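Spelled out, the chains give:
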Amino acid sequence: MRSVNIAVLEDDADQAEVLSLWLEHEGWAVSVFETGKALRDALRKKAFDLFVLDWHLPDTTGIETLDWLKSHYAETIPVIFLTVRDAEPDIVAALTKGADDYIVKPPSQAVTIARIATVLRRYGVDSEETTLDRPPFKVDLKTRKVFRDDEEIALTRREYELTAYLFSHVGQLLPRDALLEQIWGITASINTRTIDTHVSRLRSKLGLGDECGWRLSSVYQYGYRLEHIGP
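Quick caveat, the model's predicted, so the values are computed rather than measured.

**Brief notes about the overall build of the chain**
- Secondary structure summary: the chain contains eight helices and 12 strands in total.
- Relative to the globule expectation of 17 Å for 231 residues, the C-alpha radius of gyration of the chain, 18 Å, shows essentially globular dimensions.
- Principal-axis analysis of the C-alpha atoms gives the chain an extent of 50 × 35 × 30 Å.
- Here the contacts in the chain between residues at least 6 apart in sequence split such that 57% fall between residues at least 24 apart.
- Carbon and sulfur atoms form 48% of the exposed surface of the chain, whose accessible area is close to 11,600 Å².
- Of the side-chain charges in the chain, 28 are positive and 37 negative, and the distance between the mean point of each set is 7 Å.

As structure tokens, then:
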């Protein structure tokens, strides 16, 4: 089971601390941000599996942050609101715009953990799955092998790890720094040609493109995004 990274956008230090303790007790890694800008800046270096958003923030709102995440980070990404706003129109607005759940403060620890775990499972995160089925590709996490139409593709260790990470974060904009840290275990900046070279090889070895329904796109000065383009 891979590690789960959760971003919490909450400007109340006490509430952020309590929520962090709850989530870390479940074995999840937590990063807390007090402003929308701080979260957006962090997304240039790190990828997250789920976002917990407050509504009222010093420089923005939870709804505006949700819109930004959907348009800049990933159209499909787990987002949960945790806020004091309990009016029905607010709840409907958040869910309509793509939030996966809406929790009204003060939250119950058990209910909060259960709801977050449910959303993570819905997205295939923090589960015991041993295979990523992404037709025509299949990534066997147990044997560390990748197949296309049931035919194994010969990959190096780094190429496999990069492939598994990309197919675990379909649709997400993945910063180069996040890839360096996750795949190479490097936190300091190095020549990004290392990543670019591996990505180029993967495109060729996997045959990514319109024919197979998957596209691995480069985002200038940022990173990469693996997208399913159908059918």
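Next comes the rest of the description.
**Focus: the sheet that holds strand β8 (residues 145-148)**
- Strand order in the open sheet formed by four strands is β6-β7-β8-β9, with antiparallel pairing between adjacent strands. At either margin of the open sheet sits one strand with a lone partner, and together these are β6 (131-134) and β9 (151-153). Neighbouring strand axes in the sheet, compared pairwise and without regard to direction, differ in orientation by 25° on average.
- As judged from the four bridges shared by β6 and strand β7 (residues 137-140), these two strands associate in the antiparallel manner. In the strand pairing of β7, T131 is matched with D140.
- Along the sheet, helix α6 (residues 157-168) makes contact with β6, β7 and β8, crossing β7 at roughly 115°.

**Observations regarding the pairing of strand β12 (residues 223-228)**
- In this sheet, β12 lies alongside strand β10 (residues 173-175) in antiparallel orientation, the contact comprising three bridges. The residue of β12 that forms the bridge with P175 is G223.
- Inspection of the sheet shows strand β11 (residues 214-219) paired to β12 by six bridges, in the antiparallel sense. Bridging across to β12, W214 finds its partner in H228.

**A closer look at the nonpolar core**
- Core analysis: the largest hydrophobic core is formed by 52 residues, its most contacted members being F51, Y73 and F81.
- Per-element accounting of this core gives the leading share, six residues, to α6.
- When near neighbours in sequence (up to four residues on either side) are disregarded, Y73 contacts L43, K46, A47, F48, F51, W68, G171, Q172, L173 and R225.
- W22, W28, I113 and L120 belong to the second-largest nonpolar core, a separate cluster that totals 19 residues.

What counts and how
Throughout this document, residue positions are counted from 1 along each chain, in the order its sequence is written. In keeping with the model being predicted, local features are shown solely for residues with a pLDDT of at least 70 and side-chain atom pairs are shown and tallied solely at 80 or more, while totals for entire chains, interfaces and linings include all residues. Each side-chain value is worked out from all heavy atoms of the structure, with water and hydrogens disregarded. A helix here means a DSSP run of H or I that spans at least four residues, while a strand means a run of E at least two residues long, and both kinds are numbered starting from the N terminus. Based on C-alpha atoms, the radius of gyration is set beside the globule rule, defined as 2.2 Å times the residue count to the power 0.38. By the convention used here, residues are in contact when the closest approach between their heavy atoms is within 4.5 Å. Computed by Shrake-Rupley with a 1.4 Å probe, the accessible areas treat only the displayed protein chains as cover when residues are assessed. Charge assignment in this entry is limited to Lys and Arg as positive and Asp and Glu as negative, and neither His nor the chain termini are counted. Throughout, a charge is located at the NZ atom of Lys, the CZ atom of Arg, the CG atom of Asp or the CD atom of Glu. Think of it this way: DSSP has to see at least two bridges between two strands before they count as a pair. Lines fitted to the C-alpha atoms define the axes, with helices restricted to the stretch that makes contact. Angles between their N-to-C directions range from 0 to 180 degrees. Buried residues of nine kinds, namely Ala, Val, Leu, Ile, Met, Phe, Trp, Tyr and Cys, make up a nonpolar core once their side-chain atoms join them within 4.5 Å. Residue burial is assigned from relative accessible area. The probe radius is 1.4 Å, only protein chains are included, and a residue is buried under 20% of its type maximum, exposed over 50%, and partly exposed in between.

So yeah, pure geometry; function would need other evidence.
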